[in-house]
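These are the residues of each chain, in order.
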Amino acid sequence: MSLIRKRKLTKNQTRQIKKNQEAITDDGTFATGVVVSHFGKQLDVQITVLPQIMPKASLTVGQIWRCHARTNLPMLTTGDVVKFSLDDIAGTGRIEQLLPRTTLITRPDRYHKVKPVASNVAILVIVFAPLPKPATGLIDRYILVARLSNIRPLLVLNKADLLDEHPEVVQIYQEYQSLGRRYGFDVIQSSGVDMMGLDTLKSHIEGRLAIFAGQSGVGKSSLINHILPHAKQSTNIISVGSQLGQHTTTTSRLLAYDMGDLTKGGIIDTPGIREYGIWHLSADDILKGFDELNDLHGACQFRDCSHAPNAKGCAFWQAVADGVVLSWRVENFNEMVAEAKQGQA
Ligand SMILES: Nc1nc2c(ncn2[C@@H]2O[C@H](COP(=O)(O)OP(=O)(O)OP(=O)(O)O)[C@@H](O)[C@H]2O)c(=O)[nH]1
Ligand SMILES: [Zn+2]
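Fair warning: this is a prediction, and the values are worked out from it, not measured in the lab.

(A) Examining helix α10 (residues 327-344) more closely. Counted at 1.5 Å a residue, the expected span for α10 with its 18 residues is 26 Å, and the 26 Å between its end C-alpha atoms agrees. Here α10 has its buried residues at Trp-328, Arg-329, Val-330, Asn-332, Phe-333, Met-336, Val-337 and Ala-340.

This is the structure we're talking about:
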């Protein structure tokens, strides 16, 4: 099904689009920056490279400019690297160009349109904890997001100070660790109570753009605050150019490790990742999140195998019987496929 709705443009609209496309070459006055937050049609862009021709002497790297985007650009999101022109008098900017994205996390909205959630993210930190009780279905869903977006997952078992009372969670941790060893991702522990594992976590994400995901209450905000003690203040940055004052309702924001230097990476804090739906995905897409099952792709006796526990000749369940695949991973896969099908019905 095509998601693009065809419509007729008026002469005026056609002329406007043409005009927009024409005037986007950098005449030396464009600044380069990163989208650090966006709310509705407005985006805040932090300068990373000054324009060759300085329109304003007080312009510095690290300043945040409130911008709107040219209408011919694709929908922009936090993490995007852009070139923008500055309107010195109004104190605002206009995003002229979107530079190539290394990665892009998207999610479908209610109207079946795919929306960008974050761009240029290098690592997806998936946090779980002994309490609230881990939902492996949710962890697996985030591993799927990472695989589909070509982003490295990093699993963090937080609140490790509570592990003595929760041996069943140690087992889940070890099971993910063995998957991680086979399929190239790390699984670590941390605790904000006894300050354990925080440096290891830091060393995994330093110099990169990271995004945190996980059940509510597992300690994501606490971890982010430990890593970025200045994060709270950074929400109160005054937009330098526009003097519009403090932001109120941002939908998503980038918290930099070094406020003046975005090239050192940071953390994108966005609700978008929490609302990640899967109904737009096929069973083959979902399989990409399950590396060990993906290895068995096409190995079942019947091409249309349901992978139900009693399905004849199912390679997944044979592997479970052989002790090389975990039964709950097959169950989580089946549940996600069922959920996706239900959403498509
Ligand atoms: N025992 C223990 N408690 C922790 C740890 N880290 C955070 N907590 C507590 O867990 C609760 C939830 O922490 P948050 O950081 O708000 O969790 P969150 O994942 O950001 O939650 P949402 O914002 O709802 O997504 C708070 O009461 C924290 O004090 C930890 O390492 N050990
Ligand atoms: Zn099967």
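Next comes the rest of the description.
(B) Structural detail: the pattern of salt bridges. Evaluated as defined, the whole model comprises 14 salt bridges. Note that Glu-292 and Arg-329 form a salt bridge whose closest N and O atoms lie 2.8 Å from each other. With Glu-292 in helix α8 (residues 291-294) and Arg-329 in helix α10, this pair connects stretches of sequence that are 37 residues apart. Connected via shared salt-bridge partners are Arg-70, Arg-94 and Glu-96.

(C) Representation of the packing of helix α2 (residues 136-148) against helix α3 (residues 167-183) within the structure. Orientation of α2 relative to α3, taken along the N-to-C sense of each, is 20 degrees, at an axis distance of 13 Å. Judged on the interaxial angle alone, α3 and α2 are roughly parallel. Crossing angle aside, the handedness with which α2 passes α3 is right-handed. Seen from α2, the contacting residues are Thr-136, Ile-139, Asp-140, Ile-143 and Arg-147; seen from α3, they are Ile-172, Tyr-176 and Tyr-183. Across the contact of α2 with α3, the residue classes break down as 5 nonpolar, 1 polar and 2 charged.

(D) Fine view of the coordination of the zinc ion (ligand 2). Each protein donor to the zinc ion (ligand 2) is listed here as Cys-300 (SG), Cys-305 (SG), His-307 (ND1) and Cys-314 (SG); together their distances run 2.1 to 2.4 Å. Angles of 105 to 115 degrees at the metal separate the 4 donor atoms of the zinc ion (ligand 2), which places the site in the tetrahedral class. Mapped onto the sequence, the residues coordinating the zinc ion (ligand 2) show the spacing C-x4-C-x1-H-x6-C. Take Cys-300: its relative accessible area is 11%, and that puts it in the buried class. When its relative accessible area of 15% is taken as the criterion, Cys-305 is described as buried.

The rules we used
- Residues numbered from 1 in each chain as written.
- Chains lettered and ligands numbered in written order.
- Predicted model: local features only at pLDDT ≥ 70, side-chain atom pairs only at ≥ 80, totals over all residues.
- Heavy atoms only, no water.
- Helix = DSSP H or I, 4+ residues; strand = E, 2+ residues; numbered from the N terminus.
- Expected span 1.5 Å × (residues − 1).
- Buried < 20%, exposed > 50% of the residue type's maximum accessible area, 1.4 Å probe, protein only.
- Salt bridge = Lys/Arg side-chain N within 4 Å of Asp/Glu carboxyl O.
- Axes fitted to C-alpha atoms, helices over the stretch in contact; angles between N-to-C directions.
- Parallel < 35°, antiparallel > 145°, perpendicular 65-115°, else oblique.
- Left-handed = near helix turned anticlockwise from the far one by under 90°.
- Contact = heavy atoms within 4.5 Å.
- Nonpolar A, V, L, I, M, F, W, Y, C, P; charged D, E, K, R; others polar.
- Donors = N, O, S within 2.8 Å, 3.2 Å for Na, K, Ca; no water.
- Tetrahedral: all angles 85-135°; square planar, octahedral: opposite > 155°, others 65-115°.

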